[in-house]
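# Overview (structure and organization)
Each chain is listed here by its residues.
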Amino acid sequence: MSLVNALEELRTQGPEPIIIHDGYRCPEHNAAVGGAPHSEHMEGIAADFSITGLTLQQMYDRTKIVPAFANGGIGVYDGNFIHADTRNGKARWSRKNGVYLGLDVLVNP
């Protein structure tokens, strides 16, 4: 499933607006924002977003309902946004104060 289709499926899960903060990144921009060297953003299969009015836990719970994201990557960031991608393989992480942690550390403080 494409990223756009997965985001549309996420949008249909609730009435709240989804704010896309970041999608495709060229290598130069990815490096400038501190993205991973092999970021899924550079492949056009990742987006960073927030859902208006929801907590990080609620955003995470809603994101993992979408099969393409459930089988791909979901990252939870303390900047109050979610990274979701349609990579081939499940990956989960969180980042708090610039440190990557196990997901349960941030989502269930």
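Residues numbered from 1 in each chain as written. Predicted model: local features only at pLDDT ≥ 70, side-chain atom pairs only at ≥ 80, totals over all residues. Heavy atoms only, no water.

Those residues of helix H1 (residues 3–11) lying buried are Leu 3, Ala 6, Leu 7 and Leu 10. Axial view of H1: buried residues confined to an arc of 100°, hence all on one face. Those residues of H1 that are buried are in contact with strand E1 (18–22), strand E2 (46–51), helix H3 (56–63), helix H4 (67–70) and strand E4 (81–85). (Buried < 20%, exposed > 50% of the residue type's maximum accessible area, 1.4 Å probe, protein only. Helix = DSSP H or I, 4+ residues; strand = E, 2+ residues; numbered from the N terminus. Arc of directions from axis to C-beta. Contact = heavy atoms within 4.5 Å.)

Spatially, E1-E2-E4-E3-E5-E6 is the arrangement adopted by the six strands of the open sheet, whose pairing is mixed. Edge strands, defined here as strands with exactly one partner in the open sheet, are E1 and strand E6 (99–101). The mean angle between the axes of side-by-side strands here comes to 30°, regardless of whether they run parallel or antiparallel. Judged from the five bridges that link them, strand E3 (residues 73–77) and E4 form a sheet pairing that is antiparallel. Directly across from Gly 75, in E4, lies its bridge partner His 83. Contacts between H1 and the sheet are confined to E1, E2 and E4, with E2 contributing the most and set at about 15° to the helix. Relative to E4, H3 is tilted by about 15°, and along the sheet it contacts E2, E3, E4 and strand E5 (91–96). (Pairing = 2+ DSSP bridges. Axes fitted to C-alpha atoms, helices over the stretch in contact; angles between N-to-C directions.)

Once that is clear, we can look at the packing of aromatic side chains. Within this structure, the stated rule accounts for one aromatic pair. Geometrically, the ring pair formed by Tyr 77 and Phe 81 is stacked, given 4.7 Å between the ring centres and 5° between the ring planes. Each of the two residues, Tyr 77 as well as Phe 81, counts as buried. (Phe/Tyr/Trp six-rings, centres within 6.5 Å; stacked < 30°, edge-to-face > 60°.)

Our focus in this paragraph is the environment of Ala 84. Looking at where Ala 84 falls in the secondary structure, it is placed in strand E4. Classification of Ala 84 as buried rests on a relative accessible area of 0%. Each C-alpha atom of the pair Ala 84 and Ala 46 lies 5.7 Å from the other, and the pair is 38 residues apart in sequence. Those residues in contact with Ala 84 that lie beyond four places of it in its chain are Leu 3, Ile 45, Ala 46, Ala 47, Phe 49, Thr 63, Phe 69 and Gly 73.

This part takes up the side chain of Asp 48. Counting through the fold element by element, Asp 48 comes out in strand E2. Not counting residues up to four positions away in its chain, the partners in contact with Asp 48 are Ile 19, Ile 20, His 21, Asp 22, Arg 25, His 41, Phe 81, Ile 82 and His 83.

This next bit is on the nonpolar core. Ranked by size, the top nonpolar core spans 18 residues in total, and within it Leu 7, Leu 10, Phe 49, Ile 51, Met 59, Phe 69 and Ile 82 carry the most contacts. Counting only elements with at least two residues in this core, the list comes to H1, E2, H3, H4, E3 and E4. Ranked by residue count, the leading element in this core is H1, at four residues. Beyond its immediate sequence surroundings of up to four residues, Ile 51 is in contact with Leu 10, Glu 16, Pro 17, Ile 18, Met 59 and Arg 62. (Core = buried A, V, L, I, M, F, W, Y, C linked by side-chain atoms within 4.5 Å.)

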